[in-house]
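Working through the structure, step by step
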Amino acid sequence: MPDHVEKDVPLFPLPIVLLPTEVVPLHIFEDRFKTMIDGCLEGDNEFGIIWLSDDGLKEVGCKARVTEVLERMDDGRMNILVEGTSPFRLLEKSEVHPYPAGEIELLDDRGEDTEDVEEEVGEEARESFAELVERVTDRRPEDTTLSGIGAYEMAASVEIGTDVKQGLLELRSEQARLRLLSRLFKAAMERLEAAERIAQHARQNGKVRFSS
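Residues numbered from 1 in each chain as written. Predicted model: local features only at pLDDT ≥ 70, side-chain atom pairs only at ≥ 80, totals over all residues. Heavy atoms only, no water.

**Notes on the overall build of the protein chain**
Rules: Secondary structure follows DSSP: runs of H or I at least 4 residues long count as helices, runs of E at least 2 residues long count as strands, and numbering of each begins at the N terminus. Three labels apply to residues, based on accessible area from a 1.4 Å probe with only protein chains included: buried if under 20% of the type maximum, exposed if over 50%, partly exposed otherwise in between.
A tally of helices and strands in the protein chain yields six helices and seven strands. Overall, the protein chain shows an N-to-C arrangement of helices and strands of β-β-α-β-β-β-β-β-α-α-α-α-α. In the protein chain, buried positions account for 38% of the 212 residues.

Take a look at the structure:
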């Protein structure tokens, strides 16, 4: 069996997509998942989060580790913080435990093109990201922060659609992820600029004007 296949991994189907490096809060209240998280905490183990969409359970998810237990109630319910670690593909479900589990394959990125192209694509995505953050918050990210940030980190720090996040998770190329984010950030900037122009027209004459 290849080293990148893991058996008996606890799984948590949720209506969210978790990305590597992303930190999200979870409220654990079902008995089966209280048992699962307690086991992960006791053994310092990771578990998998998979998007349970309206179309069903996705095949590609993200492993997660508990970074902090924020609150634990007397009945076992808990509020925790988890951080995404690595993408995976669900190969087979397991019915052995009281909670969902399965065999997974950890997903690596395939080989990229030339280093020069990677750097150019990365710089374009990071600049688009910085411009969007500055437009929304009036504060540009520090250059030291921008220099080492990747696609997952950028996507995790802004609000993007669940479908888009799942698409990023399934892409096996950092270049492809960066290119996708660059287009998304530029489109978001265009929408913000259009909204500002509409607001400006409305302030001037009390009417909203749409141009073709």
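**Section: the pattern of salt bridges**
The criterion, for reference: Put simply, a salt bridge is a Lys or Arg side-chain nitrogen that is within 4 Å of an Asp or Glu carboxyl oxygen.
Enumeration according to the criterion identifies 16 salt bridges in this entry. Here Arg-135 and Glu-193 are joined by a salt bridge, their closest N and O atoms 3.6 Å apart. Here Glu-193 lies in helix 6 (residues 174-205) and Arg-135 lies in helix 2 (residues 115-137), a separation of 58 residues in the sequence. Residue Arg-135 is classed as partly exposed on the basis of its relative accessible area of 30%. Several salt bridges share partner residues, and in doing so they unite Asp-109, Arg-172, Glu-174 and Arg-177 into one network.

**Considerations on the packing of aromatic side chains**
In plain terms, the rule: Stacked, tilted and edge-to-face are the three classes applied to pairs of Phe, Tyr and Trp rings, where Trp contributes its six-membered ring and a pair requires centres within 6.5 Å; stacked means planes under 30 degrees apart, edge-to-face means over 60, and tilted covers the rest.
Under the criterion given, the structure shown has three aromatic pairs. Between Phe-12 and Phe-33 the ring centres are 4.1 Å apart and the planes differ by 15°, which places this aromatic pair in the stacked class. Note that Phe-12 is positioned in strand 1 (residues 5-14) and Phe-33 in helix 1 (residues 31-43), a separation of 21 residues in sequence. Across this residue pair, the class does not change: Phe-12 and Phe-33 are buried. Ring-pair connections join several aromatic residues into one group, and the members of that group are Phe-12, Phe-33 and Phe-47.

**Quick word on helix 5 (residues 162-170)**
Cut-off, in case you're wondering: Working definition: the arc comes from the directions between the helix axis and the C-beta atoms, pointing outward to the latter.
Within helix 5, the full set of buried residues consists of Lys-165, Gln-166, Leu-168 and Leu-169. Along the axis of helix 5, the buried residues cluster in a sector spanning 160°; they form a single face.

**Some thoughts on the pairing of strand 7 (residues 101-106)**
What counts is decided by this rule: A strand pair is defined by DSSP finding two or more bridges across the two strands.
Examined bridge by bridge, strand 1 and strand 7 share four bridges and lie antiparallel to one another. What sits directly across from Pro-10, in strand 7, is Ala-101. Alignment of strand 6 (residues 78-94) against strand 7, held across six bridges, turns out to be antiparallel. Considered in strand 7, the bridge of Glu-92 is made with Glu-103. Linking strand 6 to strand 7, which pair antiparallel, is a turn of six residues.

**Describing the side chain of Lys-34**
Test applied: Under this definition, polar contacts are N or O atom pairs within 3.5 Å; protein pairs additionally need one hydrogen-donor-capable and one acceptor-capable atom, and for neighbouring residues in sequence, both atoms have to be side-chain atoms. For this analysis, residues touch if any pair of their heavy atoms sits within 4.5 Å.
For Lys-34, the location among the structural elements is in helix 1. Judged by relative accessible area, Lys-34 falls into the buried class, the value being 11%. One polar contact links Lys-34 to Asp-31, side chain to side chain, over a distance of 3.0 Å. Here the side chain of Lys-34 touches Asp-75 through a polar contact of 2.9 Å, landing on its backbone oxygen. Excluding its chain neighbours within four sequence positions, the residues that come into contact with Lys-34 are Ile-28, Phe-29, Asp-75, Gly-76, Arg-77 and Met-78.

**Brief notes about the nonpolar core**
Keep this limit in mind: We call a set of buried Ala, Val, Leu, Ile, Met, Phe, Trp, Tyr and Cys residues a nonpolar core when their side-chain atoms join them within 4.5 Å.
By size, the foremost hydrophobic cluster in this structure holds 45 residues, and its most contacted members are Phe-12, Leu-26, Phe-47, Ile-49 and Val-82. Per-element accounting of this core gives the leading share, six residues, to helix 2. One finds Leu-11, Ile-50, Leu-90 and Ile-104 within the second-largest nonpolar core, a separate group that totals six residues.

**Thoughts on the environment of Thr-67**
When you line up the elements, Thr-67 lands in strand 5 (residues 60-72). Among the residues examined, Thr-67 registers a relative accessible area of 35% and is labelled partly exposed. Once the C-alpha coordinates of Thr-67 and Leu-81 are considered, the two residues, 14 residues apart in sequence, prove to be 5.6 Å apart. Once residues within four sequence positions are removed from consideration, Thr-67 is found in contact with Leu-81, Val-82 and Glu-83.

Nothing here speaks to function; it is all geometry.
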